[in-house]
Amino acid sequence: MFAQPQTTDERQAFYRQIDRHHLTPLWEVLGDLVIPQPNSPCVPALWQYATLREHLLKSGELITAKEAERRVLILENPALRGQSCLTNTLYCGLQLILPGETAPTHRHTQSALRFVVEGEGAYTAVDGERVTMHPGDFIITPSWAWHDHGNPGAVPVIWMDGLDIPLIRTLDAGFAERYPDEIQPATKPDGESSQRFGMNMLPVNYTAASRTSPIFCYPYERSRNALEKLARSGAIDPVDGVKMQYTNPATGGFAMPTIGTFIQWLPRGFRGESARVTDGTIVHVVEGSGRSVIADQSFQWNAKDIFVVPSWAPCRHESDTDAVLFSFSDRPVQQALGLWRRDQ
């Protein structure tokens, strides 16, 4: 886009001189800073759940949830190893909690989501309210909210963690704190937030304390039922099938201020058209099997697998069976800044 200036001995001498003063000429790097379209360092990749599960269960033999603080295996983008991120702005990992274990209470400025993959009987607690976890449930831990996890059940429970850790790191806005006790006391009845805010009504004098949804658990049963009903109506988008956004009932916007969360239904035999968007997206296959063609690569996926679609990479989905995909991205941030784009 921008022409590279000619290199001369005199210019090179000048560059060495100003380098001692921590200066660099813009005209030498402008083409790398202002680019004609996104050029993400991230690459598309897929993780098969069978492999992830094997290693995660092995980690359960090596370290306790309490000792680890959070027993999580981080999914790292192959092009960004060592940076604990799957896209430039998002972190993703799988967390395991075994029967009888607890993960200590803490809080941090990073916002977190949990999407339950396997097992029943565990709970997560947010600011004094507990919710029992079921496969397919989407659960929010708002920024700076006290939270802990426990498993009084009889089987291991695994969930996917999604956090805005890389984004907060870029902004130098990270804080964290440990609770004085291992487990925070339950100060609210189980399910109170859903009862107060999940009935398409709000308390008349309600004032939002944050931009995060006051509902912190979105049960899979409801989400899947809504998808299935929409799919039967015949409103199938040529790119996304049937796709829905989790919303904040107090604002009608995204459920989380920095992470957009979505769930979609691909009917059996769906052959989607290609599109590209600026928000790099992490996808978890809830049900079904199929494939996604991302840039010049094809990834075959099955239930519980995870894959990543980099920013501005062309992507199209195909399904062999009825399939349900959960995904998350940094779209709320991009849209708030007027940066989000889609090309179809």
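Higher on the page you've got the structure.
All of these numbers come straight from a predicted model, not from anything done at the bench.

(A) Spatial organisation of the overall build of the protein chain. The number of helices and strands found in the protein chain is 8 helices and 22 strands. Here the C-alpha radius of gyration of the protein chain, 22 Å, is about what a compact globule of 344 residues would show, namely 20 Å. Its C-alpha atoms give the protein chain principal-axis dimensions of roughly 75 × 55 × 50 Å. Buried positions account for 47% of the 344 residues belonging to the protein chain. A separation threshold of at least 6 residues defines the contact pool for the protein chain, and within that pool the share at least 24 residues apart is 75%. With an accessible surface of roughly 17000 Å², the protein chain has 52% of that area assigned to carbon and sulfur atoms. Seen as two clouds, the 31 positive and the 39 negative side-chain charges of the protein chain have centres 2 Å apart.

(B) Focus on the packing of aromatic side chains. Per the counting criterion, the structure on display carries 13 aromatic pairs. A ring pair is formed by Phe326 and Phe328, whose centres lie 6.4 Å apart and whose planes are at 40°; its orientation type is tilted. For Phe326, a relative accessible area of 0% puts it in the buried group. Looking at Phe328, the relative accessible area reads 0%, which means it is buried. Grouped by ring-pair contacts, the aromatic residues Phe115, Phe138, Tyr218, Tyr246, Phe326 and Phe328 constitute a single cluster. Looking at Arg130, its charged tip hangs above the ring of Tyr123, at a distance of 3.9 Å from the centre. The ring of Phe262 has Lys243 lying over it, and the distance from NZ or CZ to the ring centre is 5.0 Å.

(C) Representation of the environment of Val116. As for its placement among the helices and strands, Val116 is situated in strand S5 (residues 112-118). Separated by 58 residues in sequence, Val116 and Lys58 place their C-alpha atoms 19 Å apart. Those residues in contact with Val116, other than ones at most four positions away along the chain, are Met133, His134, Pro135, Gly136, Asp137, Ile139, Val157, Ile158 and Trp159.

(D) The pattern of salt bridges, seen in detail. Inspection of the entire model under this criterion finds 18 salt bridges. Here Glu318 and Arg291 are joined by a salt bridge, their closest N and O atoms 3.0 Å apart. Residue Glu318 is found in strand S20 (residues 315-319), and its partner Arg291 is found in strand S17 (residues 290-294); the two are separated by 27 residues along the sequence. Using a relative accessible area of 14% as the deciding quantity, one classes Glu318 as buried. One network of salt bridges, with partners in common, ties together Arg271, Arg291, Arg316, Glu318 and Asp320.

(E) Spotlight on the sheet that holds strand S21 (residues 323-329). The 6 strands are arranged S1-S19-S16-S21-S14-S13 in an open sheet whose pairing can be described as antiparallel. Each of the sheet's edge strands pairs with one partner strand only, and the pair in question is strand S1 (45-47) and strand S13 (242-245). Between one strand axis and the next, the sheet turns by 20° as a mean value, whatever way the strands run. As judged from the 4 bridges shared by S13 and strand S14 (residues 260-266), these two strands associate in the antiparallel manner. Along S14, the bridge assignment pairs Lys243 with Gln264.

(F) Main features of the nonpolar core. Counting 51 residues, the largest nonpolar core has Leu94, Phe138, Met160, Tyr246, Ile282, Phe326 and Phe328 as the members making the most contacts within it. Not counting chain neighbours up to four residues away, the residues in contact with Leu94 comprise Tyr49, Leu52, Leu56, Arg71, Val72, Leu73, Leu75, Val117, Ile158, Trp159, Met160 and Ile306. In this structure, Leu266, Phe270, Val285 and Ala323 belong to the second largest nonpolar core, which totals 13 residues.

(G) Inspection of the pairing of strand S6 (residues 123-126) at higher detail. The alternating pattern of S6 places Tyr123 and Ala125 on one face and Thr124 and Val126 on the opposite face, and all of these are buried. Counting the residues in the hairpin turn of S6 and strand S7 (residues 129-132) gives 2 residues, including Asp127, whose phi is positive at 45°. With 4 bridges connecting them, S6 and strand S9 (residues 147-150) associate as antiparallel partners. Paired with Tyr123 across the strands is Gly150, a residue of S9.

(H) Highlighting the sheet that holds strand S2 (residues 72-74). Reading across from one edge, S2-S3-S10-S5-S8-S12 is the order of the 6 strands in this open sheet, with antiparallel pairing throughout. At either margin of the open sheet sits one strand with a lone partner, and together these are S2 and strand S12 (217-218). Summarising the sheet, S5 and strand S10 (residues 157-163) pair through 6 bridges and their orientation is antiparallel. Residue pairing for S10: Val116 is matched across the bridge by Trp159.

Conventions we followed
- Residues numbered from 1 in each chain as written.
- Predicted model: local features only at pLDDT ≥ 70, side-chain atom pairs only at ≥ 80, totals over all residues.
- Heavy atoms only, no water.
- Helix = DSSP H or I, 4+ residues; strand = E, 2+ residues; numbered from the N terminus.
- Rg over C-alpha atoms; globule rule 2.2 N^0.38 Å.
- Buried < 20%, exposed > 50% of the residue type's maximum accessible area, 1.4 Å probe, protein only.
- Contact = heavy atoms within 4.5 Å.
- Areas by Shrake-Rupley, 256 points an atom, 1.4 Å probe, with all protein chains shown as cover.
- Lys, Arg positive; Asp, Glu negative; His and termini not counted.
- Charge placed at Lys NZ, Arg CZ, Asp CG, Glu CD.
- Phe/Tyr/Trp six-rings, centres within 6.5 Å; stacked < 30°, edge-to-face > 60°.
- Lys NZ or Arg CZ within 6 Å of the ring centre and 35° of its normal.
- Salt bridge = Lys/Arg side-chain N within 4 Å of Asp/Glu carboxyl O.
- Pairing = 2+ DSSP bridges.
- Axes fitted to C-alpha atoms, helices over the stretch in contact; angles between N-to-C directions.
- Core = buried A, V, L, I, M, F, W, Y, C linked by side-chain atoms within 4.5 Å.

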